[in-house]
Amino acid sequence: MTSRVVVLGAGHAGVEAAASLRKAGFDGAVTLVGEEDALPYQRPPLSKDYLAGTQDSPLPLRGEGFYAGQDVELRTGERVTAIDRTARRLILRDGPPIGYDHLILALGARPRPLPFVDPGLDGVRYLRTVHDSDELRGRLAPGAQVVVIGGGFLGLEFASVAAARGAAVTVVEVAPALMGRSVSAPVADAFARLHRDAGIELLLGESVTRVRSAGGRAVAVETASGRDIPADLVMVSIGAAPNTELARAAGLAVGDGILVDAWLRTSDPAISAIGDCARWRVDGGTRRLESVQNATDQARCVTARIAGAGRSYAAVPWFWSDQGVGKLRMVGVPGASDTAVVRGRPESLCFSVFHFEEDRLTWVESVGAPGDHRAARRLLEAGAGLSPAEAADLETDLKALARSRTEAVHR
Ligand SMILES: Cc1cc2nc3c(=O)[nH]c(=O)nc-3n(C[C@H](O)[C@H](O)[C@H](O)COP(=O)(O)OP(=O)(O)OC[C@H]3O[C@@H](n4cnc5c(N)ncnc54)[C@H](O)[C@@H]3O)c2cc1C
């Protein structure tokens, strides 16, 4: 019987796990351990409102009184250095071990480092924590020369804020299009126009060969085609690596993520893994996602199992990214598409791309079209149908259609 659950990692997944254990009726001991000092906070604003300075303090995931109120022991500023699976306990850097009956690993991910840059070089920064955001915010002075390496979601959100704060921004992206692995050409092109209109220089299909320094600080970025871009600040955003070291050292199965089954159990049934650090079995393969929705829904899936009402993880993924005036919303798993239907006008930054495979709706990208996103979510979550012709026809009332079709599915 599980009477003591320890959740390791007090980010989006960990906090939701602790909270939903109680919601699901679990009445044993719950301990939430995290190495960051702050009250657990939301990460998305770190590249948006908090970075821009329009939000003064980090947004807490739960209010200060929540943890005591729910009888959750919150232990921040505590780094776990090992998992002793035999004795079922966590070894801390400082302080006595913590025992568990069930351990939930919610360890998150960290920025992938640029391999050829000295990690201590001043002026080269990454973005994951509130300290990183504070540091970057302090350097975004008007006229600052900022180079962003990587044209993915995070790099572009940062670039938008930097440009809005008066910096001269260049984004260097090795792929021929922005957000290349995750979005379709109409969406990538719309965002490229939007960023160029905001004064951001985009160098696509270009790779960085060197970050030049002088006196211990970065001064320029050199590219393969011979560009030499002066830089006061270099922001590196080339992806995130899951935090798997603890799991690997404890002998758990690990790949690019801690490997879990469809119920999010690791190779040790007393340990689950969720959120950015977890790679789970799905559709005959494995998947790892970095999003708030995934962290939250996986937490709920595991805690339902611990509380005795287990089901395999089957949530439809969704995601958002705010880049200047461009609001991107996505639902479904990007990739599967033999037919793409554009609804609305990309030039207006108010459109959606509906993707189908063999006439089945698979995933949808919406730019400035939250109504399309909500309808698509309803349809995909219910497994209800939509035809390419219906998606393309602006006369189709998607909201009404989604409501009636999902009701029909649930009847
Ligand atoms: C700047 C930024 C903006 C983002 N914007 C969006 C967005 O707009 N939309 C979206 O859907 N997603 C966004 N994301 C992604 C989203 O924030 C992550 O997917 C989410 O935080 C994952 O939650 P998690 O709990 O798995 O990991 P995290 O939130 O990273 O939490 C993991 C925690 O575990 C702790 N930890 C790790 N190792 C140890 C250890 N040994 N001992 C103790 N503690 C440890 C870490 O310090 C960390 O606090 C953004 C991410 C960033 C960084």
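Residues numbered from 1 in each chain as written. Predicted model: local features only at pLDDT ≥ 70, side-chain atom pairs only at ≥ 80, totals over all residues. Heavy atoms only, no water.

## Quick word on the nonpolar core
By size, the foremost hydrophobic cluster in this structure holds 48 residues, and its most contacted members are Ile-83, Leu-90, Leu-103, Leu-105 and Ile-274. With residues near it in sequence (within four places) discarded, Leu-103 still touches Val-6, Leu-8, Ile-83, Leu-90, Ala-270, Ile-271 and Ser-272. Core analysis: the second largest hydrophobic core is formed by 40 residues, Leu-156, Ala-188, Ala-190 and Leu-202 among them. (Core = buried A, V, L, I, M, F, W, Y, C linked by side-chain atoms within 4.5 Å. Buried < 20%, exposed > 50% of the residue type's maximum accessible area, 1.4 Å probe, protein only. Contact = heavy atoms within 4.5 Å.)

## Some thoughts on the side chain of Glu-365
Inspection of the secondary structure puts Glu-365 in strand E27 (residues 360-367). The side chain of Glu-365 is buried and forms no salt bridge, while Arg-193, the nearest opposite charge, is found at 12 Å. A polar contact is formed between the side chain of Glu-365 and the backbone nitrogen of Ser-184, at a distance of 2.8 Å. Discounting chain neighbours no more than four positions away, the residues touching Glu-365 are Ser-182, Val-183, Ser-184, Val-187, Leu-328, Arg-329, Met-330, Phe-351, Ser-352, Val-353 and His-355. (Helix = DSSP H or I, 4+ residues; strand = E, 2+ residues; numbered from the N terminus. Lys, Arg positive; Asp, Glu negative; His and termini not counted. Salt bridge = Lys/Arg side-chain N within 4 Å of Asp/Glu carboxyl O. Polar contact = N/O pair within 3.5 Å; in protein donor to acceptor, adjacent residues only side chain to side chain.)

## Section: the site of the ligand
Close to the ligand lie 32 residues; Ala-13, Glu-36, Lys-48, Arg-128 and Asp-276 are nearest. The backbone of Ala-13 places a nitrogen or oxygen atom 2.8 Å from an oxygen atom of the ligand. One of the side-chain N or O atoms of Lys-48 is found 2.6 Å from an oxygen atom in the ligand. If the ligand stood free it would expose 990 Å²; the protein chains cover 95% of that surface. Elements supplying a minimum of two residues to the shell around the ligand: helix H1 (12-23), helix H8 (292-306) and strand E23 (318-323). Taken together, the residues of the shell around the ligand break down into 15 nonpolar, eight polar and nine charged. Among the domains, domain 1 (4-110 + 240-306) and domain 2 (124-236) are the pair contributing at least three residues each to the shell around the ligand. (Near = heavy atom within 4 Å. Areas by Shrake-Rupley, 256 points an atom, 1.4 Å probe, with all protein chains shown as cover. Nonpolar A, V, L, I, M, F, W, Y, C, P; charged D, E, K, R; others polar. Domains from an automatic or database assignment.)

## As for the state of the cysteines
Tallying each qualifying case throughout the model produces zero disulfides. Cys-301 carries a free sulfur, and the closest cysteine sulfur to it, the one in Cys-277, is 14 Å from it. By relative accessible area, Cys-301 is classed as buried at 10%. (Disulfide = S-S within 2.5 Å.)

## Some remarks on the pairing of E27
Burial analysis of E27 places seven of its eight residues in the buried class, the great majority of the element. Where strand E24 (residues 326-332) meets E27, five bridges bridge the pair, whose relative direction is antiparallel. Residue pairing across strands places Leu-328 opposite Val-367, the latter belonging to E27. Hairpin geometry of strand E26 (residues 350-357) and E27 is characterised by an intervening segment of two residues between the two adjacent antiparallel strands and by a positive phi of about 50° at Glu-358. (Pairing = 2+ DSSP bridges.)

## Quick word on the side chain of Gln-293
Structurally, Gln-293 can be placed in helix H8. Of the residues examined, Gln-293 reaches a relative accessible area of 4% and is grouped as buried. Only 3.4 Å separates the side chain of Gln-293 from the side chain of Tyr-313, close enough to count as a polar contact. Apart from residues no more than four positions distant in its own chain, Gln-293 is found in contact with Tyr-313, Ala-315, Val-316, Pro-317 and Trp-318.

## Focus on a negative patch on the surface
Negative charge collects at one region of the surface, where Asp-338, Glu-357, Glu-358 and Asp-359 lie side by side. Within the secondary structure layout, Glu-357 lies in strand E26. (Patch = residues over 30% accessible without salt bridge, like charges linked within 9 Å, V, L, I, M, F, W, Y side chains within 5 Å. Charge placed at Lys NZ, Arg CZ, Asp CG, Glu CD.)

## Describing the domain arrangement of the protein chain
We note that the domain assignment places domain 1 (4-110 + 240-306), domain 2 (124-236) and domain 3 (325-410) within the protein chain. One C-alpha centre belongs to domain 2, the other to domain 3, and the line joining them spans 31 Å. Listed by partner, the interface residues are 11 residues for domain 2 and 16 residues for domain 3. Here domain 2 and domain 3 share an interface that buries about 880 Å² over both sides, 80% of which is from carbon and sulfur atoms. When the buried area of domain 2 at its contact with domain 3 is split by residue, Val-187, Phe-191 and Leu-194 rank highest and sum to 42% of it. Taken together, the connections running from domain 2 to domain 3 amount to zero salt bridges. In this structure, the connection of domain 2 to domain 3 is made through one residue pair in polar contact (both at pLDDT 80 or more). (Buried area = accessible area lost by both parts, 1.4 Å probe.)

## Points about the pairing of strand E19 (residues 257-260)
Bridge count for strand E18 (residues 254-255) against E19 is two bridges, and the pairing is antiparallel. Residue pairing across strands places Gly-255 opposite Gly-257, the latter belonging to E19. The pairing of E19 with strand E21 (residues 278-282) spans three bridges and is parallel. Bridging across to E21, Val-260 finds its partner in Trp-280.

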